[in-house]
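Listed below, chain by chain, are the residues.
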Amino acid sequence: MRLVLLRHPAGRRLPADGWARLRDRIPPLARYAGERGVRLAIEPEPGMLVETVDDALRLLAEAGEPPELGITVDVGHCLVVEPGGVEGALRAAAPHLSNVQLDDMPRSHHEHRPFGEGEIDLPLVLATLADIGYTGVAAVELPRHSHDAPRLALAGRTALLRAWASVTGTPTSERTVP
């Protein structure tokens, strides 16, 4: 098989070309993964070809909705690019939700931050996940501060416990970071 890349007259690839390549390559990749017991997920990413949950849903539909392919939602990204915000994105992705990345971010730009240093409404995120019946992985994505990972992991756990306590109305007796 010969692959021919179509280029924009100025030498840049056209988004439609990239979309077609991605759409056409997903079904065989998903089948290959499924034969090995692996589930794949598309993560919408600000500034990329698949930027929003609606883009990911369109891609899934155009690729034939392979059962081995789902969607990863990074809740911080939702603040930056999702018209319906975090809640709208999670609800739209719910039937295909494979993974959730929890982090904080300003609404103005794509910058991962520790909880409390952005504009994420963590209780709303957790309440929405509970409401849609999500029981999969929801992992904290630590920002680029690997030197401080142990403290950030504990602080993230504390933020999640406090947010969940506010959703459920029950106090947390877990060890927390002030």
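A brief look at the structure comes next. Model, not experiment: these values are computed from the prediction.

## Some thoughts on the nonpolar core
Point 1. Formed by 32 residues in total, the largest nonpolar core has its most connected members in Val 73, Val 86, Leu 90, Leu 97, Val 100, Val 125 and Leu 129.
Point 2. Those residues in contact with Leu 129 that sit more than four places away from it in its chain are Leu 90, Leu 97, Val 100 and Tyr 134.

## So, helix H1 (residues 15–35)
Point 1. With 21 residues, H1 extends 30 Å between its outermost C-alpha atoms, agreeing within 8% with the 30 Å of an ideal straight helix rising 1.5 Å per residue.
Point 2. The largest bend along H1 measures about 35° and falls at Ile 26, with the proline Pro 27 one to four residues further on.
Point 3. For H1, every residue scored as buried is listed here: Asp 17, Gly 18, Trp 19, Arg 21, Ile 26, Pro 27, Ala 30 and Ala 33.
Point 4. Looking at the buried side of H1, the elements it contacts are strand S1 (40–42), helix H2 (53–62) and strand S2 (69–74).
Point 5. The first or second residue beyond H1 is Gly 37, which carries a positive phi of 75°.

Conventions and cut-offs
Positions within a chain are numbered from 1, following the residues in the order the chain's sequence is written. Only residues with pLDDT of 70 or above have their local features reported here, since the model is predicted, and side-chain atom pairs are shown and tallied only from 80 upward, although totals for entire chains, interfaces and linings are computed over all residues. Only hydrogens and water are removed before side-chain values are computed, so all heavy atoms of the structure are retained for them. The definition of a nonpolar core used throughout is a set of buried Ala, Val, Leu, Ile, Met, Phe, Trp, Tyr and Cys residues joined through side-chain atoms within 4.5 Å. A 1.4 Å probe rolled over the protein chains alone gives each residue an accessible area, and that area as a share of the maximum for its type sets the label: buried under 20%, exposed over 50%, partly exposed in between. Two residues form a contact once any of their heavy atoms are found within 4.5 Å. Strands are runs of DSSP state E lasting at least 2 residues, helices are runs of H or I lasting at least 4, and numbering of each runs from the N terminus. Multiplying one less than the number of residues by 1.5 Å gives the expected span of a helix. Each residue is assigned a bend, namely the angle between axes fitted to the seven residues that terminate at it and the seven residues that start at it.

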